Amino acid sequence: MLDPGKCAVGWLSLLLLGFVGWARGQQDVPPDLLALSYPDMVLYNGKVLTVDEKFSIAEALAVRDGKILAVGTTDRILKMAGPKTDRVDLQGSTVTPGFIDAHSGQFLGAHRAWGPDWLPNFSQMTFEKLDDGLRMIKAEVEKARPGEWVFVNPFRTAASYQLNRALLDSIAPNNPLMVTLDNTTGMLNSKAISYIPPDITTGIYRDEKGEPTGRISGWAYGVLTYEVIPWPEGKAFEDIVQRQKDILQKINRMGVTSIGYRMTGLATTILKTLYDRGELPLRIRVTSEIVRLNQHAERYLKRIGNLMGVGNEWFKIAGATISSFDPNPETGGMFVRKPRKNILPWEAWGPYGQNKLKESVEPNSGKDWHEYSDYRNALLLGKYGWNVTDMHIQGDAGVELALEIFDKIGKETPVKGKRYGMVHGLMRPQDLVNRLAGYESQLSMAPSLFRGEQATQLQSWYGADEVAGMLPVRDLIDSGLKPILEVTNSAGFVTRAAAGPTQETSSRRTREPSYQLYLESMQAFITRKNATTGKIWGPNQKISREEALRMATSWASRFYFDDKIMGTVEPGKLADLVILGGDFLAVPEEEISKIPVLKVIVGGRVTYEKK
C-alpha cells in the first residue's frame, strides 16, 4: 500500500524540479530555488566501478546532500552542474564505493587481551623465565601508589602460565594486580580477587582446598574487566578521545568510510563523543558487548530492551556479541575437530585446542558450561531479538559450536534474515559452509595467512593440505555466501604499550600502518600469495578482482544491515567514495597494492586528499 506522506513528497519534488527546469530557460531565475536542483559535486572523466548487481562501469556521477544523485556519462553529468557545483576532473582515475571494514579492532577502550592501556599502571613485557617475570612485574608494581590497580600483559610463554596468586601476592602485597593472559583469562593476586562480587558463581579457579589459584575466566573475568576497572576521567578521557580520532583518520586514509567492531561501554562513549562533536571521519557501527561474559545477561537485556538498529547513518548499534570461541591461530589454540601435531609443552590446552566457552567454568565445579557461559548468553540474545554477530571463531570446531547455538535459537525464534556474523574465517570446511549458507551468515575473512610466517607455523601443526584449504573464499562464494574483507583488525597501529623480545617494558608508541593495507588485502585474496615467503596457498580458492571489491564494499555493507544505504555507487545511496590513482581492473595483479588512494569522500564531504 502506498504511503500518502511519501506520495505527497514525491509529487512535490516532481513539481519543483519541473518548475526549476522551466525557470532555467527564463531570464529571472530565483537563485535560491535554482540551487535546489544542482548537484553539490560532480566527478567526471573517470572509471566509476559501481559494484552494483551487474558490476556496471560509468564515467561520472553527481552528488547532492550527501547522497548519489546520478551516475552516467561525463556529458550527461556535467550538464547537471550549476555555478556553485564542485567539479572534480578524475582524469581517468578509478572511483569505487567506500571500503567497509566490519571488524576493525582499532578502538581504544575496547575489550582487549592486553588490558586497559589508558591507565598509567599498565605495561607489556616478555619473559622466558619465571624469576625474570616476577622481577619485571614487581618493578611495575613499585611505580604505583599503594592501592592503585596494576595491569600487566606478558607475551604468552611457558613462564607466564606458571604465575599464581601466591607469587603475585609476594610481589604486590598492597596493590590489586592483574596479569592478562588472553581476552577471557587473567591471573590475579588476592587484592584483585577481592574486587570480584560474591554473587559471581563461576570463573574463579580453585585448588583442591577450595582456595583461589589466581586464575579467572568467564563471568569472573567479565565483571572485573567491564564493571570494576575504572574509566579514564577528565584529561585522561580527553587524551583517549583525541588518540581515537587520530586512529580513525589514519584508517580513513586507506579508503575506509565505515567500520564496526564489538565494543565496551567505554569504547562506545569515546566514539559517541567524537560523533557529538562532528569529528568522525567515517561511519561507526557498534556491536554491543552488553552480555559478553555477563552472568546477569537476561537482567541487562530486560532493562535495556532491543536496541538493534538504533542510531543513524553515522553512528548505529547494529548487533550484540559474546565471548571469543577460541584464540588466534598463532597461539596454537584454535578449537578444531582434528587433533594437531607438535603441541608446545606449556600450553594449557590439548591437541583439539581451546574452547573458551567451556573454560568459562572452572574444572571440577560440577556446573554445566552450557548454562554458565556465553553459550547461554547467545541464546538469550536470540530470545530478545538481537542479532548475534562479530563472533571471534577461528577453528572448525568453533564454527560447529556456533551452528549448534544457531539451531537452538531457530527453534524458539525466526532466524530468516538474522545474518549471524563470524569474524576471522580461517577454518570454514565445506560441510559447515553448507549449513552457514542456510543461515545467510555474514563471514568476515582476515588475510593473515598471506602475511608473515603464520602459514609456516600452521603447516607444522595441521599439515600443508589443511593450510591450503584455509580461508576458503572461493568455496564460500560458490555456496551462495557473500564473504567480506576484514583488514584493519591486523593493522597493528592502535597506540598502546609495546614490547619486543629483548625489552622489559616500553612507553606507549604508535606503529604506523601501511596506508595501502586495504588494497594489499584485496590483492592477497586475488593472488593467494604470502607477501613474505612468496608461496601461493590454495590456488583453487583464488577470486576475481570484482569479487574482491564486492568483499570490501557491497557484500561488506550486509554485515550491519546497511546494504540499502551504502556499498554501491547508485542513485540514492550514501556518497561514500574512494578515488584511486590507477585502474583497479587493469593493472597487473601484483600491482593492485601499489595503487595510491588519492581522495576519500564520506557523505559527499572530502575527508582525505593525497598531497
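Bear in mind that the values here come from a model prediction, so they are computed numbers and not experimental data. (Residues numbered from 1 in each chain as written. Predicted model: local features only at pLDDT ≥ 70, side-chain atom pairs only at ≥ 80, totals over all residues. Heavy atoms only, no water.)

A. Up close: the environment of Glu-53. Within the secondary structure layout, Glu-53 lies in the loop between β2 (47-49) and β3 (57-58). Exposure remark for Glu-53: the relative accessible area of 80% places this residue in the exposed category. It is 9.1 Å that separates the C-alpha atoms of Glu-53 and Ser-554, two residues lying 501 residues apart in sequence. (Helix = DSSP H or I, 4+ residues; strand = E, 2+ residues; numbered from the N terminus. Buried < 20%, exposed > 50% of the residue type's maximum accessible area, 1.4 Å probe, protein only.)

B. Broad picture of the packing of helix α17 (residues 517-527) against helix α18 (residues 545-552). Axis separation between α17 and α18 bottoms out at 9 Å; the angle between their running directions is 135°. By the angle class used here, α17 and α18 are oblique. Two packed elements cross with a definite hand, and for α17 against α18 that hand is right-handed. For the pair α17 and α18, the contacting residues are Tyr-518, Met-522, Phe-525 and Ile-526 in the first and Arg-545, Ala-548, Leu-549, Met-551 and Ala-552 in the second. Partitioned by chemical class, the residues of the contact of α17 with α18 number eight nonpolar, no polar and one charged. (Axes fitted to C-alpha atoms, helices over the stretch in contact; angles between N-to-C directions. Parallel < 35°, antiparallel > 145°, perpendicular 65-115°, else oblique. Left-handed = near helix turned anticlockwise from the far one by under 90°. Contact = heavy atoms within 4.5 Å. Nonpolar A, V, L, I, M, F, W, Y, C, P; charged D, E, K, R; others polar.)

C. Examining the pattern of salt bridges more closely. Applying the stated criterion across every chain, the model contains 30 salt bridges. The partner of Lys-79 in a salt bridge is Asp-75, and the shortest N-O contact between them spans 3.3 Å. One end of the pair, Lys-79, and the other, Asp-75, are both in helix α3 (residues 74-80), four residues apart, so they sit about a helical turn from each other. Notably, a salt bridge pairs Glu-238 with Arg-277, separated by 2.8 Å at the nearest N-O pair. Of this pair, Glu-238 sits in helix α8 (residues 235-253) while Arg-277 is found in the loop between α9 (265-276) and β16 (283-288), placing the two residues 39 residues apart along the sequence. (Salt bridge = Lys/Arg side-chain N within 4 Å of Asp/Glu carboxyl O.)

D. Representation of the sheet that holds strand β19 (residues 421-424) within the structure. Spatially, four strands are ordered β18-β19-β20-β21 in an open sheet, and the strand pairing comes out parallel. Taken across any chain shown, the strands that pair with only one partner, and hence form the sheet edges, are β18 (391-393) and β21 (484-485). Inspection of the sheet shows strand β20 (residues 442-445) paired to β21 by two bridges, in the parallel sense. Residue pairing across strands places Met-445 opposite Leu-485, the latter belonging to β21. (Pairing = 2+ DSSP bridges.)

E. Structural detail: empty space enclosed by the protein. All chains considered together, the criterion is met by one cavity of 30 Å³ or more. Volume-wise, the largest cavity comes out at about 50 Å³. In this structure, the largest cavity is lined by Ile-68, Pro-97, Gly-98, Ile-100, Thr-257, Met-566, Gly-567, Thr-568, Val-569, Leu-574, Asp-576 and Leu-577. (1 Å grid on protein atoms, 1.4 Å probe; cavity = no way out; pocket = protein on both sides within 12 Å on 5 of 7 lines; lining within 4 Å. Points joined across faces, edges and corners; volume = space filled by probe spheres on them.)

F. A look at helix α4 (residues 130-141). An ideal rise of 1.5 Å per residue puts 16 Å on twelve residues; α4 measures up with 16 Å between its terminal C-alpha atoms. Restricting attention to buried positions, one finds in α4 the residues Gly-133, Leu-134, Met-136, Ile-137, Glu-140 and Val-141. Projection of α4 onto a plane perpendicular to its axis shows the buried side chains occupying an angular sector of 165°, all on one side. Tucked into the core, α4 has its buried residues touching β9 (122-125), β10 (150-154), α5 (165-171) and β11 (177-182). (Expected span 1.5 Å × (residues − 1). Arc of directions from axis to C-beta.)

G. Structural detail: the pairing of β19. As judged from the three bridges shared by β18 and β19, these two strands associate in the parallel manner. The partner of Met-391 across the bridge, within β19, is Met-422. Where the polypeptide runs from β18 across helix α12 (residues 396-412) and back to β19, its parallel neighbour, the crossover connection is right-handed. Relative to β20, β19 runs parallel, the two being bridged by two bridges. Its bridge partner lying in β20, Gly-421 is registered against Gln-442. With respect to chirality, the unit in which β19 leads through helix α13 (residues 430-438) into the neighbouring parallel β20 is right-handed. (Right-handed = clockwise from strand over helix to strand, strands pointing away.)

H. Representation of the sheet that holds strand β25 (residues 597-602) within the structure. With mixed pairing, six strands are arranged side by side in an open sheet as β3-β2-β7-β24-β25-β26. Looking at strand neighbours, the two that pair on one side only are β3 and β26 (605-609), the edges of this open sheet. Strand direction decides the pairing type here: β2 and β3, joined by two bridges, are antiparallel. Among the inter-strand pairings, Leu-49 is bridged to a residue of β3, identified as Ile-57.

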